[in-house]
Protein chains: 2
Amino acid sequence: MITLAALQMKSESGDVAANLARIEAAAKEAATKGASLLMTPELGITGYGGGEVVSGLAEPADGPIVQRLKAISSETGVAIIAGFAERDGEAVYNSAVYVDGDAAPVVYRKSHLYGDYERDLFAAAEPATHLFKHRGVTCGMLICYDVEFPENVRRLAQAGADAVLVPTALPAGWSGTFIADHMIQTRAFENQVFVAYINHCGSDERFSFAGLSRIAAPDGNLLASGGPRDEALMLVKIDPAAFNISKAENTYLSDLNRYAR
Amino acid sequence: MITLAALQMKSESGDVAANLARIEAAAKEAATKGASLLMTPELGITGYGGGEVVSGLAEPADGPIVQRLKAISSETGVAIIAGFAERDGEAVYNSAVYVDGDAAPVVYRKSHLYGDYERDLFAAAEPATHLFKHRGVTCGMLICYDVEFPENVRRLAQAGADAVLVPTALPAGWSGTFIADHMIQTRAFENQVFVAYINHCGSDERFSFAGLSRIAAPDGNLLASGGPRDEALMLVKIDPAAFNISKAENTYLSDLNRYAR
């Protein structure tokens, strides 16, 4: 059982130092509230909508951004999931990193890019399953549009994830509201996993964000929700064992194995 | 564009004649209201909860039940989807049949059986994709628990279905309410197809049913909902062309092809 802190965040577009400072402040607050893990949105460190400013801020996964996150994590004792533009040779990925003090970071690269905006800036990664244990809870990451494809959440659940952690940058509008109001809980329920879907709020030069972050339990219940406009630090208990009854009653994963041919 | 009539139905357990009469009355009402297709629940002709009474009423797909449905369809001009226990040699399947007057019926056999109750009575069929055109609309069928697996709806959508028609027998309770309130719309939205999920109401000797039938449009909006208790004949327009904007904005199927490897 862990306490997860999730920051629905207003990033400063293109201002890495300001966003790292905001994450540091949230990590300190999370620590005082007993959380061991802080989640932040997709590309929260660079901002989402800056276009070539974002890809221009790309760094390798052992660069200064991740080094700074490791230092914040070591100072506060809080592990951090944060989104950044990752350079690997000529390629730039839309990535999220899990850092836990001095341990080796875990990097997930977005596989399902959304629209021409993202496809112009980033390379699409192969769908990947990088599970990690955080204080006994098996976690996997996806980014934004990835979670809208049931195949991606299924893949992580079948590999053994208890929780699927999803930094996002969801624009305001009908589709965004639908995803927040129906799809995230469905992804949790149909796989009997936790799904934390943590968004930006406010707007940048290109996008107006929906807020409406969601943390859903394996039984489909919401554990926390962000509002449509403001920043929020949500704190929830992630206790897989508390949902053993739901998992025994909703046997999707074992029935999938039973019937899939 | 068609008008679909969907009957949230209180079946009489084990009373085939009464249930066929109820379906006949609904088909006549549907005809007066301009519908060309009538949907009814899972095992609506035999009742759902009668145990071995249900499997004991199994008939081949060219037996008297389907003959009677064809006669009702011919009389009324309304095609019918109805659930029955289907015998094929030694095997008994939980099946749904589409009849349209004298045309050859289309039979779909449930692939994902729910729990020991169903597995004791029925054989699980191979997951199958039997699409048919109804007045220009490409339709596929699933039954109840099948639709809770995103893989099954995806398979039909990728094969070209405009509408996925799902007779069901959903019990009352938390999971049932969750499925009705979140999952059916998510299945529609994530595939940009219509999903009609038509349930029993009332109770039989084993089960108390949730009602809460749902017909969702490709953009995730609900077109019709049944209440929790009573019978209801819902009438909706199924017009795939009316959702071309939603399909252009929510490109899940083409993006799945783009990124799946």
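This text goes with the structure placed above it.
What you see is a predicted model, and the numbers here were worked out from it, not measured in a lab. (Residues numbered from 1 in each chain as written. Chains lettered and ligands numbered in written order. Predicted model: local features only at pLDDT ≥ 70, side-chain atom pairs only at ≥ 80, totals over all residues. Heavy atoms only, no water.)

A.B. asks: Looking at this structure, how should I read the overall build of chain A?
C.D. replies: In terms of regular secondary structure, chain A is built from eight helices and twelve strands. Projected onto its principal axes, the C-alpha positions of chain A cover 50 × 40 × 35 Å. The proportion of buried residues among the 261 residues of chain A is 61%. Contacts spanning at least 24 positions in sequence make up 69% of the contacts within chain A whose residues lie at least 6 apart. (Helix = DSSP H or I, 4+ residues; strand = E, 2+ residues; numbered from the N terminus. Buried < 20%, exposed > 50% of the residue type's maximum accessible area, 1.4 Å probe, protein only. Contact = heavy atoms within 4.5 Å.)

A.B. asks: Is there a simple way to think about the sheet that holds strand 1 (residues 2–8) of chain B in this case?
C.D. replies: Working definition: the strands of a sheet are paired by backbone hydrogen bonds and lie parallel or antiparallel to each other. Residue and element names in this part refer to chain B. In spatial order, the strands read 5-4-3-2-1-12; together these six strands make up an open sheet with mixed pairing. Sheet topology places strand 5 (106–109) and strand 12 (232–238) at the edges, where each strand pairs with a single neighbour. Geometrically, the sheet is characterised by an average inter-axis angle of 30° between neighbouring strands, direction not taken into account. By the bridge criterion, seven bridges tie strand 1 to strand 12 in an arrangement that is antiparallel. By the bridge assignment for strand 12, T3 is matched with K237. (Pairing = 2+ DSSP bridges. Axes fitted to C-alpha atoms, helices over the stretch in contact; angles between N-to-C directions.)

A.B. asks: I would appreciate a short explanation of the relation of the copies chain B and chain A in the present structure.
C.D. replies: Mapping between the two copies of the chain is achieved by a rotation about an axis and a shift along the axis. Each copy superposes on the other: chain B lies on chain A with an RMSD of 0.0 Å after a rotation of 180° and an axial shift of 0.0 Å. Those values place the two copies in the arrangement expected of a two-fold rotation axis. Minimal C-alpha separation from the rotation axis in chain B is found for B:H182, amounting to 2.4 Å. Comparing contact sets, 100% of the residues at the interface of chain B also lie at the interface in chain A, consistent with an isologous, same-surface contact. (Least-squares fit on C-alpha atoms with pLDDT ≥ 70 in both.)

Everything listed here is a matter of coordinates, which is why it stays silent on function.
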